[in-house]
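Here are the chains, one letter per residue:
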Amino acid sequence: MRHNASALFRATFGGAPQVVASAPGRVNLIGEHTDYNGGPVLPLATQARTSVAVGPGDEGVLDLISTRDGERARVAWRDGRPAGWGAYLAGVMRELEATGTAPVGAGARVAVTSDVPVGAGLASSAALTVAAAQALSLLGGARLNPRQLAGVAFRAEHDYVGVACGIMDQMSAALARPGHALLLECASLSARHIPIRGRLLLVDTGTRHQLTGGALNERRAECEAAVARLKLELPELVWLASWPARWLPRLKRALPEPLRSRALHVVGETARTRFGAQLLTRGHLRRFGGLLFEAHESCRRLYACSAPELDVVVAAARRAGALGARLTGAGWGGAVLVLLGKGEGGRGKGEVKVAKEIRRAFATAFEREPSITVVRPSGGVRGERVG
Ligand code: GLA
């Protein structure tokens with residue numbers, strides 16, 4: 001479906017687009033809710049992508065069509081914030097204009113196609129904003145590098161749409177490499193590509209979340225409140241993730257619940273992610289998998305961002321002998337990532353057994369089936385041929 005952005009553009013606007021770009025969704029291997037706390041994350045790009053085809057449009061207007069709702073919308077984006085997904089594109093336009101890289105007249109016709117599911121914890125919004133930032137800036141004759149594209153996309157979502165997200169999703173959509181995960185330190189934005197070993201399954205539970213103004217914003221506020229209190233203990237503390245792991249007793253004394261639990265998750269997850277990246281680099285897949293189970297438990301118990309559907313999948317994966325499994329993305333629904341060993345690769349017995357046990361347990365609990373797909377780590381934002 002993603003290859004049809006050009007076709008959708010032609011069918012809707014009656015001419016060829018000038019530029020087409022695409023960007024991937026992501027699954028995060030480990031490092032959940034650490035990005036906006038200045039810690040590390042380890043995402044990889046999915047083969048599912050969002051494509052954006054653009055051509056010149058009327059002054060100050062975005063003329064939009066997407067296969068998502070099939071409806072055409074005209075957005076005079078300077079006149080206030082549009083509703084729905086148009087707000088993300090308006091945010092991108094605003095950021096491009098602020099840096100002098102918007103198309104002439106800051107208007108465009110835009111066609112969007114995607115096979116990244118929305119609300120599944122797979123960063124569909126970053127796929128959209130990063131692809132749009134690339135397509136619209138090229139339409140404006142500007143060449144932004146991947147980090148600049150991530151910056152435009154992040155500010156569009158964070159400052160304009162108002163989701164208190166971190167920078168992980170946008171950086172992954174912009175910088176990812178096929179066959180690799182991206183170890184990103186979110187305080188310094190230093191990035192390293194780490195080869196993926198083993199095999200990964202993605203189990204989409206079909207339970208959806210809506211992040212705008214919701215639970216993610218609440219967690220972020222809790223983390224900020226924790227930093228404000230911890231600064232009394234350690235005045236130079238800027239990021240919650242930088243709290244020294246050896247000072248956990250002091251952290252526990254300084255914070256009331258639920259701030260204590262939230263902070264314990266962030267500090268623990270930071271250590272797990274850095275250690276996990278080392279284990280993955282050295283090929284210690286089984287130990288890496290163990291960290292994934294621990295990370296899920298921490299999300300469930302301390303960060304309270306799991307959901308019964310996610311817990312059932314993780315428990316079933318563990319019973320069936322998977323090396324690791326955890327919720328991926330913000331949580332509160334969405335998807336679980338399952339790690340299998342190399343021996344269980346191909347259409348091996350292990351993979352079939354794990355998928356079967358997950359389907360069985362899920363159907364028993366919720367009377368429906370989750371969707372299970374193999375994850376193939378793919379590449380970041382790129383230009384597509386204008387068809
Ligand atoms: C959402 C946000 C990300 C990150 C994750 C949790 O996906 O967009 O920036 O905070 O939640 O790890």
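Look above for the structure.
Note that the coordinates shown come from a computational prediction; the quantities given were computed from them, not determined experimentally.

1. Here's the deal with the sheet that holds strand 12 (residues 371-374)
With antiparallel pairing, the four strands of this open sheet are ordered in space as 10-11-9-12. Each having just a single partner strand, strand 10 (324-328) and strand 12 make up the two edges of the open sheet. Pairwise comparison of adjacent strand axes, ignoring direction, gives a mean angle of 25 degrees for this sheet. As defined by bridge partners, strand 9 (residues 199-204) adjoins strand 11 (residues 335-340) across six bridges and the pair is classed as antiparallel. Bridge pairing links Leu200 to Leu339 in strand 11. Sheet strands touched by helix 9 (residues 285-301): strand 10 and strand 11. Its angle to strand 10, the strand with the most contacts, is close to 40 degrees.

2. Considerations on the site of the ligand
Within the structure, the ligand sits among Arg26, Glu32, His33, Asp35, Tyr36, Cys165, Gly166, Met168, Asp169, Leu216 and Ala330. Arg26 is positioned such that a nitrogen or oxygen atom in its side chain is 3.0 Å from an oxygen atom of the ligand. Contact between the ligand and Gly166: an oxygen atom at 2.8 Å from a main-chain N or O atom of the residue. When the residues that make up the shell around the ligand are grouped by side-chain class, the tally is five nonpolar, two polar and four charged.

3. Points about the packing of helix 6 (residues 215-230) against helix 8 (residues 259-282)
At a minimum axis separation of 9 Å, helix 6 and helix 8 run at an interaxial angle of 90 degrees. Between helix 6 and helix 8, the angle falls in the class roughly perpendicular. Residue-level contacts link Arg219, Glu222, Cys223, Ala225, Ala226 and Arg229 of helix 6 to Leu259, Arg262 and Val266 of helix 8. Per-class residue counts for the contact of helix 6 with helix 8 are five nonpolar, no polar and four charged.

4. A look at the sheet that holds strand 8 (residues 190-195)
Judged by pairing direction, the sheet is antiparallel, and its three strands sit side by side in the order 2-7-8 without closing on themselves. The open sheet has two edge strands with one neighbour each: strand 2 (40-41) and strand 8. Judged from the six bridges that link them, strand 7 (residues 180-185) and strand 8 form a sheet pairing that is antiparallel. Across the sheet, Glu185 pairs through a bridge with Ser190, a residue of strand 8. Each of strand 2, strand 7 and strand 8 is contacted by helix 5 (residues 168-175), which is oriented at about 135 degrees to strand 7, the strand it contacts most.

5. Digging into the side chain of Arg272
Relative to the helices and strands, Arg272 resides in helix 8. If near-sequence neighbours (up to four positions away) are discounted, Arg272 is found in contact with Ile30, His265, Leu291, Glu294, Ala295 and Ser298.

6. Here's the deal with the environment of Val20
Within the secondary structure, Val20 sits in strand 1 (residues 19-28). Measuring from C-alpha to C-alpha, the distance between Val20 and Ala135 comes to 5.8 Å, with 115 residues separating the pair along the chain. Sequence-distant contacts of Val20, defined by excluding residues within four places in its chain, comprise Ala5, Ser6, Val52, Ala53, Arg382, Gly383, Glu384, Arg385 and Val386.

7. Some words on the packing of aromatic side chains
Counted by the stated rule, this structure contains three aromatic pairs. Between Trp243 and Trp247, the aromatic rings sit 5.7 Å apart at their centres with planes inclined by 65 degrees, giving edge-to-face as the arrangement. Look at Trp243 and you get buried, because its relative accessible area is 2%. Classification of Trp247 by relative accessible area gives partly exposed; the value is 25%. Lying over the aromatic face of Tyr303, Arg219 brings its terminal NZ or CZ to 5.7 Å of the ring centre. Stacked on the ring of Phe293, the Lys or Arg Arg318 has its end atom at 4.1 Å from the ring centre.

8. Concerning the pattern of salt bridges
Inspection of the entire model under this criterion finds 23 salt bridges. The closest approach of N and O atoms between Arg359 and Glu369, which form a salt bridge, is 3.2 Å. Residue Arg359 is found in helix 11 (residues 349-366), and its partner Glu369 is found in the loop between helix 11 and strand 12; the two are separated by ten residues along the sequence. You can call Arg359 partly exposed: its relative accessible area is 28%.

9. Quick look at helix 2 (residues 86-98)
Under the 1.5 Å per step criterion, the end-to-end length of helix 2 is 18 Å for 13 residues, consistent within 8% with the ideal 18 Å. The element helix 2 is extensively covered by neighbouring structure, given that ten of its 13 residues are classed as buried. Of all the residues in helix 2, the buried ones are Gly86, Ala87, Tyr88, Leu89, Ala90, Gly91, Val92, Met93, Glu95 and Leu96. Looking at the buried positions of helix 2, the neighbouring elements they touch are strand 4 (61-66), strand 6 (108-114), helix 3 (124-139) and helix 4 (146-161). Gly100 sits one or two positions beyond helix 2 and adopts a positive phi of about 70 degrees.

Thresholds applied
- Residues numbered from 1 in each chain as written.
- Predicted model: local features only at pLDDT ≥ 70, side-chain atom pairs only at ≥ 80, totals over all residues.
- Heavy atoms only, no water.
- Pairing = 2+ DSSP bridges.
- Helix = DSSP H or I, 4+ residues; strand = E, 2+ residues; numbered from the N terminus.
- Axes fitted to C-alpha atoms, helices over the stretch in contact; angles between N-to-C directions.
- Contact = heavy atoms within 4.5 Å.
- Near = heavy atom within 4 Å.
- Polar contact = N/O pair within 3.5 Å; in protein donor to acceptor, adjacent residues only side chain to side chain.
- Nonpolar A, V, L, I, M, F, W, Y, C, P; charged D, E, K, R; others polar.
- Parallel < 35°, antiparallel > 145°, perpendicular 65-115°, else oblique.
- Phe/Tyr/Trp six-rings, centres within 6.5 Å; stacked < 30°, edge-to-face > 60°.
- Buried < 20%, exposed > 50% of the residue type's maximum accessible area, 1.4 Å probe, protein only.
- Lys NZ or Arg CZ within 6 Å of the ring centre and 35° of its normal.
- Salt bridge = Lys/Arg side-chain N within 4 Å of Asp/Glu carboxyl O.
- Expected span 1.5 Å × (residues − 1).

The analysis is restricted to geometry; functional conclusions fall outside its scope.
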